[in-house]
Amino acid sequence: MIKCSRINFTTIEQSKNENTTDYHERAYIVFKKEIIDEKLVFNGKEVRTREYPIIDNKVQSFFHIISEENKKGVKMRLYKPERVRMIPYISQMIKHYTECQNCNDNCSRIKVWSAPFKGKQQRTKLFFEDEDYIIILEERKDYYLLISAYVVDRPDRKIDLLKEYNKYK
């Protein structure tokens, strides 16, 4: 249960009679409106998505966000319904993370930090621990690239993220 009163944390729920294709279409409309068309800004720079390859008239970032890498066997991505549900969190967290600094709500607040990635690039992470939701951005010259956003569903990964946060905050 979210205890934050400042951010409108809504989800995209799949209805009982809705097939996965229709659900994805509806989710993509939200993704496009809230992330691409709204021109999100983080630290004074626009947040952009990875566009190519475009599949079924959807940008590559959308597919990356609704799936995870298969760590076993064939290199492919596995669909994750909870990633679709939480697409609205991306825009809400990016728009309102600064409000967490002066908030009196009894929540974990959005934690923000930058850390090296593969030794050469910095990646900025926004982590809302109450929902175990993380957004990963990579700073470019004139913008931030939305790398990924997902539910941290492994306790060991959450522990690692919190250690990284404490090291780089």
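As a reminder, the structure under discussion sits directly above these lines.
### Section: the sheet that holds strand E5 (residues 110–117)
Here's step 1: Spatial ordering of the open sheet is given by E1-E2-E8-E7-E6-E5, a layout of 6 strands whose pairing is mixed. For this open sheet the edge positions go to strand E1 (41–42) and E5, each flanked by a neighbour on one side alone.
Here's step 2: Bridging between E1 and strand E2 (residues 45–48) involves 2 bridges; their strand directions are antiparallel. Note that in E2 the partner of Phe42 across the bridge is Lys45.
Here's step 3: Across the sheet, helix H5 (residues 155–168) lies against E5, strand E6 (121–128), strand E7 (133–139) and strand E8 (143–151), angled at about 85° from E5, the strand it touches most.

### Points about the side chain of Lys111
Here's step 1: Assignment of secondary structure puts Lys111 in strand E5.
Here's step 2: There is a polar contact of 3.1 Å between the side chain of Lys111 and the side chain of Glu129.
Here's step 3: Once you skip the residues sitting within four places of it in the chain, Lys111 turns out to touch Lys125, Leu126, Phe127, Glu129, Leu162 and Tyr165.

### What about the pairing of E2?
Here's step 1: Remark: 2 residues form the turn of the hairpin made by E1 and E2, two consecutive strands paired antiparallel; Asn43 in that turn has positive phi of roughly 50°.
Here's step 2: Pairing between E2 and E8: 3 bridges, direction parallel. Considered in E8, the bridge of Arg48 is made with Leu145.

What counts and what doesn't
Residues numbered from 1 in each chain as written. Predicted model: local features only at pLDDT ≥ 70, side-chain atom pairs only at ≥ 80, totals over all residues. Heavy atoms only, no water. Pairing = 2+ DSSP bridges. Helix = DSSP H or I, 4+ residues; strand = E, 2+ residues; numbered from the N terminus. Contact = heavy atoms within 4.5 Å. Axes fitted to C-alpha atoms, helices over the stretch in contact; angles between N-to-C directions. Polar contact = N/O pair within 3.5 Å; in protein donor to acceptor, adjacent residues only side chain to side chain.

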